[in-house]
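Chain residues, written in single-letter form:
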Amino acid sequence: MLKVVVLVSGGGTNLQAIIDAVKSEQIRNVELSAVISNKKDAYALTRASENGIPGVCVSRKAYETREAFEEALLQAVDSFTPDLIVLAGFLVILPAKMTEKYSHRIINIHPSLIPSFCGDGFYGLHVHEKVLARGVKVTGATVHFVDSGTDTGPILLQKAVSIKPGDTPEVLQRRVMEEAEWIILPKAIDAIANGKVKEVDGSFFVED
Ligand code: GRF
């Protein structure tokens, strides 16, 4: 069983998609070891406890320095000895110590087709606001491995989503979640757990 720790900051709909996929066996051979949040009132923690998954909060506010917070976060993650760390709406930049230690064992879901609309400042609703402002006709979501940069790691899966006339950032955010994020994040986890990820010339592919 692949031991997975999920890091969250908010509502946790991506976490819910993962939990549902484990229950329905769309994700096989995975144990959800813990959910770690940097926000104590994140609804994702409620989802964890409702599903019998240990929940932990590591808040920046509880530590005097950024370094102390990062150390506590790393210790919390390490305590579950995860095989895979999943960032599911986690709004903290990971410490370099963590991305180095867990190289190619951390994945993130980003709500655009990387390399468009990603990097510093592109998070949450802002991504969709900028997509609509630019007037592109196709957006989507990306699952990528996490390296020391922001949204720069190797891409594992992507799925496109159409923009429709009259879309608001909120409407588009919901469509990107429903049509892309909640599908490709569980798919990526299942692929990693079951040896379906292949690397060819430095690019990663998921076998069907
Ligand atoms: C998602 O749009 C995700 O792509 C982004 O933050 C949002 C998290 O939503 N990074 P949720 O907490 O999973 O509902």
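Residues numbered from 1 in each chain as written. Predicted model: local features only at pLDDT ≥ 70, side-chain atom pairs only at ≥ 80, totals over all residues. Heavy atoms only, no water.

## Let's talk about the sheet that holds strand β7 (residues 155–162)
Now for step 1: Here seven strands make up an open sheet; going across it, the order is β3-β2-β1-β4-β5-β6-β7 and the pairing mixed. A strand with exactly one partner marks an edge of an open sheet, and here the two such strands are β3 (55–57) and β7. The mean angle between the axes of side-by-side strands here comes to 20°, regardless of whether they run parallel or antiparallel.
Now for step 2: Pairing of strand β6 (residues 138–145) with β7, which is carried by seven bridges, proceeds in the antiparallel orientation. (Pairing = 2+ DSSP bridges. Helix = DSSP H or I, 4+ residues; strand = E, 2+ residues; numbered from the N terminus. Axes fitted to C-alpha atoms, helices over the stretch in contact; angles between N-to-C directions.)

## A short note on the site of the ligand
Now for step 1: Neighbouring the ligand are G10, G11, G12, T13, N14, G89, I109, P111, M177 and E181.
Now for step 2: A distance of 2.6 Å separates an oxygen atom of the ligand from a polar atom in the side chain of T13.
Now for step 3: Within the contact set of the ligand, an oxygen atom lies 2.9 Å away from a backbone nitrogen or oxygen of N14.
Now for step 4: Looking at the shell around the ligand residue by residue, the classes come out as three nonpolar, six polar and one charged. (Near = heavy atom within 4 Å. Polar contact = N/O pair within 3.5 Å; in protein donor to acceptor, adjacent residues only side chain to side chain. Nonpolar A, V, L, I, M, F, W, Y, C, P; charged D, E, K, R; others polar.)

## A closer look at helix α2 (residues 43–50)
Now for step 1: Along α2, the residues classified as buried are A44, L45, R47 and A48. Viewed end-on, α2 has its buried residues packed into an arc of 155°, placing them on one side of the element. Among the exposed residues of α2, those pointing more than 90 degrees away from its buried face are S49 and E50.
Now for step 2: Tucked inside the fold, the buried residues of α2 contact β1 (2–8), α1 (13–23), β2 (30–37) and β3.
Now for step 3: Positive phi appears at G52, one or two residues downstream of α2, with a value of about 70°. (Buried < 20%, exposed > 50% of the residue type's maximum accessible area, 1.4 Å probe, protein only. Arc of directions from axis to C-beta. Contact = heavy atoms within 4.5 Å.)

## So, the pattern of salt bridges
Note on pairing: side chains with opposite charge can pair once their charged atoms come close.
Now for step 1: All told, the structure shown has seven salt bridges when counted by the stated rule.
Now for step 2: Note that K97 is salt-bridged to E71, the shortest N-O span being 3.1 Å. Of this pair, K97 sits in helix α4 (residues 96–101) while E71 sits in helix α3 (residues 66–78), placing them 26 residues apart in sequence.
Now for step 3: A salt bridge links D190 to K196; its shortest N-O distance comes to 2.7 Å.
Now for step 4: Taking the relative accessible area as the measure of exposure, D190 reaches 6% and is therefore buried.
Now for step 5: A relative accessible area of 22% places K196 in the partly exposed class. (Salt bridge = Lys/Arg side-chain N within 4 Å of Asp/Glu carboxyl O.)

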